[in-house]
Amino acid sequence: PDPWRLSLLFCGSMIDDVRHQLQEPLALPTIYVAGGDKDDWCAHGLRCLPKMYTDLKVLTHEDGHTFPTRGPRAGEIYEQIVREMRERCGLPPG
């Protein structure tokens, strides 16, 4: 089977239950897309996720706790995600 190459988190994926905290950070390439000041969970994710992942890239937008939709930032984020996915999977640039 192919190895896991990249995780993509929209609006966070923090582990808040202390019984299930990671013993050490994951060395898994991860992109966290957060909704900025309009996202009530953004600040929490920015505090927690860097402790959970050693290879974390953070992309922010101002659309709140949702997928980015307003341009031009939304397009920039999705283009960056596609570039990162293609690179991690060994595919040529699109």
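This text goes with the structure placed above it.
Residues numbered from 1 in each chain as written. Predicted model: local features only at pLDDT ≥ 70, side-chain atom pairs only at ≥ 80, totals over all residues. Heavy atoms only, no water.

As for the sheet that holds strand 2 (residues 30–34)
Moving on, step 1. The parallel open sheet is built from three strands, whose spatial order is 1-2-3. Each end of this open sheet is capped by a strand with a single partner; those strands are strand 1 (7–10) and strand 3 (56–60). Mean inter-strand twist for the sheet, computed between neighbouring axes without regard to direction, equals 15 degrees.
Moving on, step 2. Sitting on the sheet, helix 1 (residues 42–52) is in contact with strand 1, strand 2 and strand 3, with an inclination near 165 degrees to strand 2.
Moving on, step 3. Contacts between helix 2 (residues 73–88) and the sheet are confined to strand 1, strand 2 and strand 3, with strand 3 contributing the most and set at about 160 degrees to the helix. (Pairing = 2+ DSSP bridges. Helix = DSSP H or I, 4+ residues; strand = E, 2+ residues; numbered from the N terminus. Axes fitted to C-alpha atoms, helices over the stretch in contact; angles between N-to-C directions. Contact = heavy atoms within 4.5 Å.)

Regarding the pattern of salt bridges
Once their charged atoms are close, side chains differing in charge can pair, the charge on each being opposite to the other.
Moving on, step 1. Tallying each qualifying case throughout the model produces six salt bridges.
Moving on, step 2. Residue Asp 17 pairs with Arg 19 through a salt bridge whose shortest N-O separation is 2.5 Å.
Moving on, step 3. Its relative accessible area of 67% is what places Arg 19 among the exposed residues. (Salt bridge = Lys/Arg side-chain N within 4 Å of Asp/Glu carboxyl O. Buried < 20%, exposed > 50% of the residue type's maximum accessible area, 1.4 Å probe, protein only.)

Observations regarding the pairing of strand 3
Moving on, step 1. As paired strands, strand 2 and strand 3 are joined by five bridges and run parallel to one another. Across the sheet, Ala 34 pairs through a bridge with Thr 60, a residue of strand 3.
Moving on, step 2. Handedness of the β-α-β unit built from strand 2, helix 1 and strand 3 comes out right-handed. (Right-handed = clockwise from strand over helix to strand, strands pointing away.)

Digging into the side chain of Glu 84
Moving on, step 1. Along the chain, the position of Glu 84 falls in helix 2.
Moving on, step 2. Here Glu 84 is in contact with Leu 6, Ile 31 and Lys 57, once residues within four sequence places are set aside.

Re the nonpolar core
Moving on, step 1. Listed in full, the nine residues of the largest apolar core are Leu 9, Met 14, Tyr 32, Ala 34, Cys 42, Cys 48, Leu 49, Met 52 and Tyr 53.
Moving on, step 2. Residue assignment for this core shows that the elements contributing at least two residues are strand 2 and helix 1.
Moving on, step 3. Tallying contributions element by element places helix 1 first for this core, with four residues.
Moving on, step 4. Ignoring anything within four residues of it in the chain, the contact list for Cys 42 reads Tyr 32, Ala 34 and Gly 36.
Moving on, step 5. The next biggest cluster of nonpolar side chains, apart from the first, holds seven residues, and it includes Leu 6, Phe 10, Val 33 and Ile 77. (Core = buried A, V, L, I, M, F, W, Y, C linked by side-chain atoms within 4.5 Å.)

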